[in-house]
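Examining the three-dimensional arrangement
Residues per chain are reported as follows:
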Amino acid sequence: RWVKFEEKVEDGGERWSAPHVPALPLQSLFQLRTCLQKGTMLLDLDAPSFKEIIDKALSGQPEEAELQTELRERLAALLLRQPRHQPTKSPLRLLAELGLSPCRGRHGARPRLLHPECPAAASLSFQLRNRFKKKVPPGAEAAHVAVGEVEFLEKPFTAFIRLRRGVALGSLAEVALPSRFLFILLGPRAEVKAYHEVGRAMATLLTDELFQRVARQAEHREDLIAGMEAFLDELTVLPPRKWDPSARIPPPSCLLSPHRRTAMHPPDRQSHGNGDTAAAGDRAGLGHPCSREELERTGRLFGGLLRDIRRKAPWYGRDFSDALHPQCLSAVLYIYLATVTNAITFGGMLGDATANMQGVLESFLGTAFAGSIFCLFSGQPLTILSSTGPVLVFERLLFSFSQDHSLDYLEFRLWIGLWVAFFGMVLVATEASHLVRYFTRFTEEGFCALISLIFIYDSLKKMLSLADAFPINWQYRLDNVTSYSCVCNLWARGWGGPEVSVCDPSSPPALSPQPAAAPAGLSRTQCLGRGGHLLGTSCQYVPDVTLVSFLLFGGTFLSCTALKRFRSSRYFPAGVRKLVSDFAIILAILGSCAIDATLGLETPKLLVPSELKPTNPARGWIVFPFGANPWWVCLVSAVPAVLVTILIFMDQQITAVILNRREYKLQKGAGFHLDLLCVSLLMVVTSATGLPWYVSATVISLAHMESLRKESATSAPGEHPEFLGIREQRLTGLAVFILTGVSVFMAPVLKVGSLAAGFGLFSKAG
């Protein structure tokens, strides 16, 4: 059988083979062409039943090949016998039914003819039960190819029939589909293999999209022959004895569209320039969105912003109703974990760079507030806001400058944020976002590569730092376990007694002075808190923590990748595979955390703040614009604000261009000006409250879109599911940021999560 690719019944088996590209003998194509040239051809036949089709095919023979009445009757009786279809059943059901059916022969290589006593109702019920129909694309029609050997024929009988409209021919098809084409080739026993190969050639032609177009529109025999000649022009011939004919070529991951095939192989009557023009048009259709309506200038102040609002307003209600799908739940959990890990990572780095003027708590609150507002009012709600690497570098430089010149960092930063918001409003008013049409694909890909490398580098850097916090004792020897010890020495902090050195426990007791007595059962933290220090050969040994953390990191990354690809595996039903693929990230995270909890080691956990108070006690929640710095700072702040504006504009708009590519098939349009307005207004609030600055996060936003991919529910065997677009809505992003804000109150739960698993997810996003 063929849908897109050929499938064969395995020798002596009860199952279909894997789909593969058919390999045809060249001679079979030449023989097929001869059959089409000399055999019966009925185009646009109007017949409601299979019996009437056969009668007209047998009576429509050319005069020189007209069959005798007796042969026509015998052929009609043969062709009208009930067909037998190869069953598609589970192995368990096959074992249960083995040998119980009186109408099943032992030969299963290809469909044959049933005995007359087998009722037609059996095949009709088989059609209704056949799950193979799920793999047939909607709107498909069936073509039937019947070839075989007949004892009473002296010369072959050939007929090609095209019906005027699709007709349901009872149980003739394996699944209940309207039939459009029939090809019949019956002949004497001498050349049975040749008949089989000619039938395969005909079936392969009918699955070719270009030949289908010709076969549907052909008015004469010559048109059909011309379509076959065009098929032969694209043919690739493999030399004999240079390859294994029994090898099955797997289907390619990507097929050329018919438009590109005609552009690559133009007919003789077309010039090469037409082919180049068609290819250029194809590139324009899939390429950069430089000609889109969102980026055209109106010539009026805030004209682009008003156009964005008018474009997005009709979709606002559906932006919430379209999120009612199980896939959105998986996307929420995936992006939430990525956002929390990102907030912890960048919050920790901001705390290190700014003396905790901005820390993990500020990162959580800022992410929740800015992200929620952006998802509610932005033009592209699939965008995820986050702190980014370039902004972190600027914050570090700004804090160092403020310290060197005795300026208040938060007040200085407030004025820079106000200037950035003002410049952003100017850019929105003048429709500066139209400049992104000049961003090339090279610029976009280079920017994506840079941000991805930052994610991967940060995750690996954090993992390698575990070797410092939890060092591996490379000198540990199992045979010397009796000599390892660690004691708390408190002699230097008023516990009395002379200075004591702790020697190797294996040496004789008489040679080892005893240290001053210390309270029994002191932990490491209690010992250091009382001013003591640790002595011994095992004090710096942390068993297995670094190794297990790396295993959790790599395991999370690999399991995420493997489960995401589970959709295309051959195990379990399609619904189960899709469910596992949609929830791949969640399953990987839960699995890693379960392994971590089972081992019981003190591996690093997620550092989630548990109190709503600033990380640095010296600051408050509101930053006042005057009082700490000289008055001229508010004017000088415009200079660094220009640099931040350029940084924010480039970061935001390049991410927006990438997310709104035509290849994602977005239906609700973009909102470049509206997005920039939201980011500019959020700069005012985050600067006044001392929260981090936020801009579109390229990697997490792309991961968000990938988790919301829509694909066709049915796909032909061997064909990858068709990409239908992105599930565009506002609810997933809004839920992610609300959960991020609530995470401050979920510290007891989140602190169970493994930090190494989070970094594995971080690396997977990159």
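As the structure is a prediction and not an experimental result, all values here were calculated from the model.

Counting its secondary structure elements, the protein chain contains 28 helices and ten strands. A burial count over the protein chain gives 45% of its 766 residues as buried. Partitioning the intrachain contacts of the protein chain with sequence separation of at least 6 by distance along the chain shows that 80% fall at a separation of at least 24. Of the roughly 39500 Å² of accessible surface on the protein chain, a fraction of 62% belongs to carbon and sulfur atoms.

Attention shifts here to the state of the cysteines. Taken as a whole and assessed by the stated rule, the structure comprises one disulfide. Two residues share a disulfide in this structure: Cys488 and Cys527, whose sulfurs sit 2.1 Å from each other. Because the sign of the S-S torsion sets the handedness, a value of about 90° for the bond joining Cys488 and Cys527 places this disulfide among the right-handed ones. Remark: Cys527 occurs in helix α18 (residues 524-529) and Cys488 occurs in strand β6 (residues 487-489); sequence separation between them is 39 residues. The pair Cys488 / Cys527 is uniform in exposure class, with both members buried.

Even without glycine at this site, Ala355 takes up a positive phi of about 55°. Judged by relative accessible area, which is 41%, Ala355 ranks as partly exposed. The phi dihedral of Lys665 is positive, around 55°, even though this residue is not glycine. Summarising the element assignment, Lys665 is placed in the loop between α23 (638-659) and α24 (672-688).

Looking now at the packing of helix α17 (residues 441-469) against helix α25 (residues 698-706). The N-to-C vectors of α17 and α25 enclose an angle of 100°; their axes lie 9 Å apart at closest approach. Relative to α25, α17 is oriented roughly perpendicular. Counting all contacts with α17, which are made through Phe447, Cys448, Ile451, Ser452 and Phe455, the residues of α25 involved are Thr698, Val699, Ile700 and Leu702. For the contact of α17 with α25, the class distribution of residues is seven nonpolar, two polar and no charged.

Counting residues in hydrophobic clusters, the biggest one holds 48 residues, and the most contacted among them are Ile335, Phe364, Phe672, Met705 and Ile726. Of all the elements in the fold, those that place two or more residues in this core are α13 (326-353), α14 (360-377), α17, α21 (584-599), α23, α25, β10 (723-726) and α26 (731-742). For this core, the element with the highest residue contribution is α13, accounting for nine residues. If we ignore the near neighbours within four places in the chain, the residues touching Phe672 are Glu294, Leu295, Asp308, Ser433, Val436, Gln653, Ala656, Val657 and Asn660. If you look at the next biggest cluster of nonpolar residues, it comprises 28 residues, including Met357, Leu407, Leu410 and Met683.

So, on to the sheet that holds strand β1 (residues 40-45). Reading across from one edge, β1-β3-β4-β2 is the order of the four strands in this open sheet, with mixed pairing throughout. At either end of the open sheet lies a strand with only one pairing partner, and these are β1 and β2 (142-149). With direction set aside, neighbouring strand axes in the sheet form an average angle of 10°. One ladder, built from eight bridges, connects β2 with strand β4 (residues 179-187); its direction is parallel. Pairing of Val147 across the sheet is with Leu185, part of β4. Strands in contact with helix α1 (residues 26-38) are β1, β3 (157-167) and β4; relative to β4, the strand with the most contacts, it is inclined by about 105°. Where helix α2 (residues 50-59) meets the sheet, it contacts β1, β3 and β4, and its direction lies at approximately 140° from that of β3.

In this section: empty space enclosed by the protein. Applying the stated rule across the entire model yields seven cavities of 30 Å³ or more. Its volume calculated, the largest cavity comes out at about 80 Å³. If you trace the largest cavity, you find it lined by Phe346, Ser387, Thr388, Gly389, Ile451, Ile454, Phe455, Asp651, Ser696, Ala697 and Thr698. If one sorts the elements of the lining of the largest cavity by residue count, α17 sits on top with three residues.

The rules behind each value
Residues numbered from 1 in each chain as written. Predicted model: local features only at pLDDT ≥ 70, side-chain atom pairs only at ≥ 80, totals over all residues. Heavy atoms only, no water. Helix = DSSP H or I, 4+ residues; strand = E, 2+ residues; numbered from the N terminus. Buried < 20%, exposed > 50% of the residue type's maximum accessible area, 1.4 Å probe, protein only. Contact = heavy atoms within 4.5 Å. Areas by Shrake-Rupley, 256 points an atom, 1.4 Å probe, with all protein chains shown as cover. Disulfide = S-S within 2.5 Å. Axes fitted to C-alpha atoms, helices over the stretch in contact; angles between N-to-C directions. Parallel < 35°, antiparallel > 145°, perpendicular 65-115°, else oblique. Nonpolar A, V, L, I, M, F, W, Y, C, P; charged D, E, K, R; others polar. Core = buried A, V, L, I, M, F, W, Y, C linked by side-chain atoms within 4.5 Å. Pairing = 2+ DSSP bridges. 1 Å grid on protein atoms, 1.4 Å probe; cavity = no way out; pocket = protein on both sides within 12 Å on 5 of 7 lines; lining within 4 Å. Points joined across faces, edges and corners; volume = space filled by probe spheres on them.

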